[in-house]
Amino acid sequence: MFARRFFISLPIFTLIYILQESVVSQFKLFGGGFSLFLIFALLWSALGTPEMGALTGFGAGLLMDLSQTTSGPMGQWTLIMILAGFAVSYLGYGDDNFRGNPISLVFTVAAAVVVIRLIYLILGLFLGSDIGSTWSIFVSLFSSAFWSAALAPLLLPVVTRIHEALFDVKSRI
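Positions within a chain are numbered from 1, following the residues in the order the chain's sequence is written. Local features in this predicted model are restricted to residues whose pLDDT is 70 or higher, and side-chain atom pairs enter the listing and the counts only when it is 80 or higher, whereas totals over whole chains, interfaces and linings include all residues. With hydrogens and water set aside, each side-chain value is computed from the structure's full complement of heavy atoms.

This part covers the environment of Ile131. With respect to the helices and strands, the residue Ile131 is situated in the loop between helix H6 (102–126) and helix H7 (134–167). Only protein chains enter the area calculation, which uses a 1.4 Å probe; residues under 20% of their type maximum are buried, those over 50% are exposed, and those in between are partly exposed. Overall, Ile131 belongs to the partly exposed group, its relative accessible area being 27%. Once the C-alpha coordinates of Ile131 and Val88 are considered, the two residues, 43 residues apart in sequence, prove to be 26 Å apart. We call two residues in contact when some of their heavy atoms are within 4.5 Å. Here Ile131 is in contact with Leu121, Leu125 and Ile137, once residues within four sequence places are set aside. The helix count covers DSSP runs of H or I at least four residues long, the strand count covers runs of E at least two residues long, and both are numbered beginning at the N terminus.

Right, let's get into the packing of helix H2 (residues 36–46) against H7. To get an axis, fit a line to the C-alpha atoms, keeping to the stretch in contact for a helix; angles then go from 0 to 180 degrees between the N-to-C directions. Contact geometry for H2 and H7: axes closest at 8 Å, N-to-C directions at 50°. What the angle tells us is that H2 and H7 run oblique. As H2 runs across H7, the sense of the crossing is right-handed. Note on element contacts: H7 touches H2 through Trp147, Ser148, Leu151, Ala152, Leu155, Leu156, Val159, Ile162, His163, Leu166 and Phe167, opposite Leu36, Ile39, Phe40, Leu43 and Trp44. By residue class, the composition of the contact of H2 with H7 is 14 nonpolar, two polar and no charged. Each angle is binned into one of four classes, with values under 35 degrees roughly parallel, values over 145 roughly antiparallel, values of 65 to 115 roughly perpendicular, and all other values oblique. Definitions for this section: a left-handed crossing has its near helix turned counterclockwise from the far helix by less than a right angle. A right-handed crossing has that turn clockwise. Each residue is assigned to one of three groups, with Ala, Val, Leu, Ile, Met, Phe, Trp, Tyr, Cys and Pro labelled nonpolar, Asp, Glu, Lys and Arg labelled charged, and all others, Gly among them, labelled polar.

Our next topic: H6. For a helix, the expected span equals 1.5 Å multiplied by the number of residues minus one. Given a rise of 1.5 Å per residue, 25 residues ought to cover 36 Å, and the 36 Å separating the end C-alpha atoms of H6 matches this to within 8%. Residues of H6 that are buried: Ser104, Leu105, Val106, Thr108, Val109, Ala110, Ala112, Val113, Ile116, Tyr120 and Gly124. Polar contact is the term for a pair of N or O atoms within 3.5 Å; when the atoms are in protein, one must be able to donate a hydrogen and the other to accept it, and sequence-neighboring residues count only if both atoms are side-chain atoms. The residue sitting at the N-terminus of H6 and contributing the capping side-chain oxygen is Asn101; that oxygen lies 3.2 Å from the backbone nitrogen of Ile103.

Let's shift gears to the confidence of the model for the chain. Low pLDDT marks regions whose predicted coordinates should not be analysed in detail. Summarising the model, the chain shows a mean pLDDT of 86, and 94% of its residues fall at 70 or more. Across the chain, the element-wise mean pLDDT spans from 71 in helix H5 (residues 96–99) up to 93 in H2. The quantity called pLDDT is the predictor's confidence in a given residue, expressed from 0 to 100.

In structure tokens:
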């Protein structure tokens, strides 16, 4: 049952990934823009169990590693997203006050995007990637927080409805 639901959600993630790579990555916004796919994956993980969050992180990280805009080595995003998916879902697992409150989900996802990108930069520094100047990193992290906080409330109702239809759970959002 668990594997069937995961494989049913695979086309949804593939569709969001294709939308990210073909449309969203073409936008030239302040600070480098946003990652619709990252926000979607974190919201999806926040609504599930920690095991499902880690599995979602694995699938999302694998797709992010295949992106043309990724400059790091293969597997870097996968490692980070497994840990992030587990951590985000673990924070709210069993706490209906957390999952029932959209503000806490939006704040968690916006903060997680910044932390994930910061970890990606630090890990890339350890692996020898060129990360840019301190000012460009600061602007990029600030704009990630801004765009994530702006887009997460718009995506939350859609992700919640798809998640509850797929996993037969009723959430109070």
